[in-house]
Amino acid sequence: MDSRTVFVLLWTLLSSTSTGIQLDGNGYVDIIIAISSKVPEDKTLIDKIKDMVTEGSFHLHQALDKKVYFKEATILVPSHWNSKEFTRARTESFEKAKIIIDYAASVEPYTHQYGECGEEGKYIHFTPNFLLNDSVVQTYGSRGRVFVHEWAHLRWGVFDEYSETQPFYHSKGRIEATRCTKSIEGLYYVPTPDGSLQLCRIDPQTSLPADGCKFFPNADQNTDSSIMYQPSLDSVITFCQENDHNDEAPNLQNQKCDKSTWTVIFKDSVDKAALRSLKPMPSSPPAPSFKIVQRMQRVICLVLDVSGSMNTESRILRLQQAATFLLRDIIEEQASVGIVSFSDDASTLSPLTTIGNDSTREELIKLLPKTAGGGTYVCKGLTLGLQVLAKDNLDVLGDEIIFLTDGEASDNINDCSKTAINSGAIIHTIALSENADIALWEMANQTEGKFIYVGDDVTSNQLMDAFASLTLSTGDYTKEPVQLESVGKTTSDWFNGTVTVDQTVGNKTSFVIIYEKSVPIISIQSPSGSIYSETEMSHEESLKTVSLKLPGTAEIGDWKYSIQSPTLQSLTITVTSQAARADVPPIMVKTHMNQQLSDGTKPMIVFAEVSQNYKPIIKAEVWATLESETGSTQTLQLLDNGAGADAFKDDGVYSRYFTQMTNGRSSLKVRVKNQDGQARFSPLKRGGAPYVPGYVVNGVVELNPPKPPVSEEPLEVGSFTRTATGESFTVDLSGSPPPNFPPNKITDLSAEIQEDSVLLSWTAPGEDLDQGTAKSYEIRWSYDLQMLRESFSNGHAVNTTAVSPHEAGSIEQHSFNFSFTIQNGTTLFFAVQSEDKEEAKSETSNIAQSSKILLDPKPQGISNPGMNLTVLVISLCVVTMVICFVAALTTWAVRRRKHHG
């Protein structure tokens, strides 16, 4: 079977077996709502979740022409909750759930999305407080309405139509609140701490309402849209369509999509084809059905290939080393572990054994396979692994298999893979060479397991990394191991480095050094200067491994390691640790590609998310290494600059386009560090359902309770290092050379009119997406936003002959003069396209707008929304003249009285 046939088969398999949310007729199913293990048992919470989804189903049905509703949802509760009503979880897990319930610094619900317009989000985050505290309903709207607002973010990739950073803007000489639609009416006021209201003031620097000014919508509106602006308004039951879409509003929906939410949902989202073909339901939909499931302690069986090919490239030794690391440092206490090996036949090396202490771990390690030979009868190993898992309670529902093989199956894997997939077990698969069967992809994909490709380059440490990534999160990251370092080197001299133990980790810290030929001289120095030498370390000569386990909580700071090799050989070091405190989650790094399969027609993107307890960490140094099975390696610095592949600046998600594609499977590894002290927690609020300060009822503003407080914490992040491994991916270019991608779309264009010139700023794109340097820019402007968006080439050209593009990621800032006088109150719109050396053009940028507004330099008041600024200025001038006349008249009267006196 040639590679292209394999790729097409694999593409068909994975495309047809998506395990996420699905549309079953008119109803959404496979909705997983997971409650973090940090949340104490509370049956009321389950009832509130059901109420929210049930009410949300009614509003969703209304919002989309009565076409869809929520049909089925599964609620995953923590293992420590006690009830006979709960059934065992199958493949449901906290880290795979699309809706999570967990604590956070703020009560505000939000959707974590970092893709482009129309792309599904990662998850919706609700806090227990939001669901249990009924006072939040007044400030955010009913939970069902809020759920539909967040669902639109999650499922259809639309964005908010309000803006906290730009709540007001100029439009045709008027001040408008940022909203969709403009038909939403209300009043401007500044709420004060004592509960009173003051008129808004005009900031002379921006000619817009000053900080503190709020737009209070009328409680009763004459429009039914839009849910992405104000889901709390009773009259709002649908999304903005093109005929009422406010395309000038400086909100994320316009910046990211340049079209209405309705258009994105029906033309760009994952459900676009289904939504267009579905007919409205003839009657109201039934209430959603719910299933409550629970995952108990982990039950895992290692199914390990010991066929003859495992003798090549020291694979059997590397298997022992990595499996020892897994059993000793990764798998948590109270997990049950079994071990099966297979070649011509399959053998049970260990039945299910509960890990209760270190001695249990060491007994399991002794049973790991040490020799290899024979064929690769995958079905024998897989079948026996399932039998071992079933020994504890006669089924394998929710149990896990870690399946490792290095070659093509000697039997027909299709004879057993379907049974394994349908068993209810989660199957993680590790391909220890490019020859491993493609069915490994299918098993991992359909059972919510992980697939990882591992090459034979020892210094890449891929097999150790693969086993380190095989955790199954419950939402409590204080109980999971964190990989601080994973690096290798081939040398006959010194191998030195530094790994940081930060304040969020320190318990169960271990250093594992693996050598290829001869035991090296090793020295590890603590931050205070204490030296650990071989006498304090454990040396396992048969495994060619030296390890150091630090007692108690490790010192905070930089740990330095020095390894001297007596001969030319490969060396690796892996450092793991766990949370220092049970109430402080560690800094975490998660990484993945935007595609598991690529034929080169769509750009691939590398993502790495850096956070602590849902708080994004920005300004860290993040590097991704992508290594193909052919041995080629590409290293990319990932950026969080809101340009190129990165959708949002300072959201803690670092990304980059991957353009140097090579055929075959590739692995993904990310290293993160903050050893220069630059990293910070992001001060930016995540988008989500808006807090409403109050409503206008019968012409009078009624204030809502104050916004729930956010715990104030320092923004500084100390030094730290992290390593993370993502699932592997496959590229097949069908023998064609890698595609020539055009420069990436500019998404952060901004404009500022200064007298009769404009200052434009943006982040430079590259020659190929966000790599290299573009050849040229084309800039155009118009009085008409829609014309510029739909017909860029018909806009007025800006002279860019003096502008030479900078390298991708650089800040471009250029001032351009107009040949005419810009009148006061004028609003202009600008857009940019860039071009590469092969004349491939980028998409048109976001549309930037700027207005020329000249006001009295003194702060002035504004009393109502949409007031014409010209009228305002004239009114102020008239008031000033009247004041001056009264003052002159008073002075004349005083003098006259003195004269007659």
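Residues numbered from 1 in each chain as written. Predicted model: local features only at pLDDT ≥ 70, side-chain atom pairs only at ≥ 80, totals over all residues. Heavy atoms only, no water.

One open sheet holds the 6 strands; their spatial order is S20-S19-S18-S21-S22-S23, and the pairing between them is mixed. If you trace the sheet from one side to the other, it starts and ends with strand S20 (346-354) and strand S23 (451-453), each paired once. Averaged over neighbouring strand pairs, the angle between their axes works out to 10 degrees when direction is ignored. Across 3 bridges, the pairing between strand S22 (residues 426-431) and S23 is parallel. Bridge pairing in S23 links Thr-429 to Phe-451. Sheet strands in contact with helix H11 (residues 378-390) are strand S18 (299-305), strand S19 (336-342), S20 and strand S21 (400-405), and its direction is about 25 degrees off that of S20. (Pairing = 2+ DSSP bridges. Helix = DSSP H or I, 4+ residues; strand = E, 2+ residues; numbered from the N terminus. Axes fitted to C-alpha atoms, helices over the stretch in contact; angles between N-to-C directions. Contact = heavy atoms within 4.5 Å.)

To continue, consider the pattern of salt bridges. The tally for this structure, following the rule as stated, stands at 40 salt bridges. A salt bridge links Arg-656 to Asp-770; the nearest nitrogen and oxygen atoms lie 3.5 Å apart. Taken as a pair, Arg-656 in strand S39 (residues 653-658) and Asp-770 in the loop between strand S46 (757-763) and strand S47 (776-782) lie far apart in primary sequence, 114 residues in all. In terms of burial, Arg-656 and Asp-770 fall into one category: buried. (Salt bridge = Lys/Arg side-chain N within 4 Å of Asp/Glu carboxyl O. Buried < 20%, exposed > 50% of the residue type's maximum accessible area, 1.4 Å probe, protein only.)

It is worth spelling out the state of the cysteines at this point. Scanning the entire structure with this criterion turns up 4 disulfides. The disulfide partner of Cys-200 is Cys-213, and the gap between their sulfur atoms is 2.0 Å. Taking the torsion about the sulfur-sulfur bond, which here is approximately 85 degrees, the covalent link between Cys-200 and Cys-213 counts as right-handed. With a gap of 13 residues between them, Cys-200 in strand S14 (residues 200-203) and Cys-213 in the loop between strand S15 (208-209) and strand S16 (214-217) connect regions that are remote in the sequence. Regarding the disulfides, the protein carries the connectivity 1-6, 2-5, 3-4, 7-8 under sequence-order numbering of its bonded cysteines. Of all cysteine sulfurs in the structure, the one in Cys-416 sits closest to Cys-301, which takes part in no disulfide; the separation is 14 Å. (Disulfide = S-S within 2.5 Å.)

Attention shifts here to the side chain of Thr-238. Turning to its location among the elements, Thr-238 is positioned in the loop between S16 and helix H6 (252-257). Residue Thr-238 is classed as buried on the basis of its relative accessible area of 10%. Look past the residues within four positions of Thr-238 in its chain and what remains in contact with it is Ala-63, Asp-224, Ser-225, Ser-226, Ile-227 and Trp-262.

A word on the packing of helix H2 (residues 43-63) against helix H5 (residues 143-156). The interhelical angle for the contact between H2 and H5, taken along N-to-C directions, is 75 degrees, at an axis separation of 8 Å. Of the possible angle classes, the one that applies to H2 and H5 is roughly perpendicular. Of the residues in H5, those touching H2 at Lys-48, Met-52, Val-53, Glu-55, Gly-56, His-59 and Leu-60 are Arg-143, Gly-144, Arg-145, Phe-147, Val-148, Trp-151 and Trp-156. When the residues that make up the contact of H2 with H5 are grouped by side-chain class, the tally is 7 nonpolar, 3 polar and 4 charged. (Parallel < 35°, antiparallel > 145°, perpendicular 65-115°, else oblique. Nonpolar A, V, L, I, M, F, W, Y, C, P; charged D, E, K, R; others polar.)

The terminal C-alpha atoms of H2 lie 30 Å apart, and with 21 residues this matches the ideal 30 Å at 1.5 Å per residue to within 8%. Backbone nitrogen of Thr-44 and a side-chain oxygen of the N-cap are separated by 2.9 Å at the start of H2; the cap is Asp-42. Looking at the residues trailing H2, positive phi occurs at Asp-65, about 55 degrees. (Expected span 1.5 Å × (residues − 1). Polar contact = N/O pair within 3.5 Å; in protein donor to acceptor, adjacent residues only side chain to side chain.)

Moving on, we come to the confidence of the model for the protein. Parts of the prediction with low pLDDT should not have their coordinates interpreted in detail. Within the protein, residue pLDDT values average 91, and 93% of them lie at 70 or more. Counting interchain partners and residues more than four positions distant, the pLDDT-below-50 stretch residues 11-18 has 10 contacts. Predicted confidence for residues 865-880 stays below pLDDT 50, and this span has 24 contacts to residues more than four positions away or in other chains. (pLDDT = per-residue confidence, 0-100.)

A few words now on H11. The terminal C-alpha atoms of H11, which comprises 13 residues, lie 19 Å apart, in line with the 18 Å expected from a rise of 1.5 Å per residue. Counting buried positions along H11 yields 10 of 13 residues, so the element is predominantly enclosed. Looking at H11, one finds that the buried residues are Val-378, Cys-379, Gly-381, Leu-382, Leu-384, Gly-385, Leu-386, Val-388, Leu-389 and Ala-390. Here the buried face of H11 lies against S18, S19, S20, S21, helix H12 (414-422) and helix H13 (439-446).

What follows covers the environment of Ser-518. Mapped onto the elements, Ser-518 comes out in the loop between strand S26 (505-515) and strand S27 (521-525). When near neighbours in sequence (up to four residues on either side) are disregarded, Ser-518 contacts Pro-566, Thr-567 and Gln-569.

What follows covers the sheet that holds strand S9 (residues 123-126). Backbone-to-backbone hydrogen bonds join strands into a sheet, with any given pair of strands oriented parallel or antiparallel. The strand order across the open sheet built from 7 strands is S6-S17-S5-S3-S7-S9-S8, with neighbouring strands paired in mixed fashion. Among the strands making up the open sheet, the edge pair consists of strand S6 (87-88) and strand S8 (110-112). In this sheet, strand S5 (residues 72-77) lies alongside strand S3 (residues 31-35) in parallel orientation, the contact comprising 4 bridges. The partner of Ile-33 across the bridge, within S5, is Ile-75.

Moving on: the side chain of Ser-307. Position of Ser-307 among the secondary structure elements: in the loop between S18 and helix H9 (315-330). Reaching out from Ser-307, the side chain makes a polar contact with the side chain of Thr-376 at a distance of 3.2 Å. Among residues more than four places away in sequence, those in contact with Ser-307 are Phe-342, Ser-343, Ala-372, Gly-373, Gly-374, Gly-375, Thr-376 and Asp-406.

Right, let's get into the nonpolar core. Residues Phe-126, Trp-151, Trp-156 and Phe-239 are the most contacted members of the largest nonpolar core, which totals 71 residues. In this view, Phe-126 contacts Met-52, Ile-99, Ile-100, Ile-101, Asp-102, Pro-109, Leu-131, Val-146 and Phe-147; residues no more than four positions away in its chain are not counted. If you look at the next biggest cluster of nonpolar residues, it comprises 37 residues, including Ile-618, Tyr-657, Val-670 and Ala-679. (Core = buried A, V, L, I, M, F, W, Y, C linked by side-chain atoms within 4.5 Å.)

On to the packing of H9 against helix H10 (residues 358-366). Running from amino to carboxyl end, H9 crosses H10 at an angle of 165 degrees, the nearest separation of the two axes being 9 Å. Accordingly, the angle class assigned to the pair H9 and H10 is roughly antiparallel. The chirality of how H9 crosses H10 is right-handed. On H10, the residues that touch Thr-324, Leu-327 and Arg-328 of H9 are Arg-361, Glu-362, Leu-364 and Ile-365. Here the residues of the contact of H9 with H10 are counted per class, giving 3 nonpolar, 1 polar and 3 charged. (Left-handed = near helix turned anticlockwise from the far one by under 90°.)

This paragraph deals with the packing of aromatic side chains. Each pair of aromatic rings is reported with the distance of its centres and the angle of its planes. This model, assessed by the stated rule, comprises 27 aromatic pairs. Arranged with centres 6.3 Å apart and planes meeting at 65 degrees, the rings of Tyr-140 and Tyr-691 form a pair that is edge-to-face. With a gap of 551 residues between them, Tyr-140 in helix H4 (residues 136-140) and Tyr-691 in the loop between strand S41 (680-681) and strand S42 (694-697) connect regions that are remote in the sequence. On the basis of relative accessibility, which here comes to 0%, the residue Tyr-140 falls in the buried class. Between Phe-818 and Phe-830, the ring centres sit 6.4 Å apart and the planes meet at 50 degrees, which makes this aromatic pair tilted. With Phe-818 in the loop between strand S49 (811-817) and strand S50 (827-835) and Phe-830 in strand S50, the pair connects residues that are 12 residues apart, well separated along the chain. Taken as a pair, Phe-818 and Phe-830 share a single burial class, namely buried. An aromatic cluster of at least three residues, connected via ring pairs, comprises Tyr-28, Phe-70, Phe-126, Phe-130, Tyr-140, Phe-147, Trp-151 and Tyr-691. (Phe/Tyr/Trp six-rings, centres within 6.5 Å; stacked < 30°, edge-to-face > 60°.)

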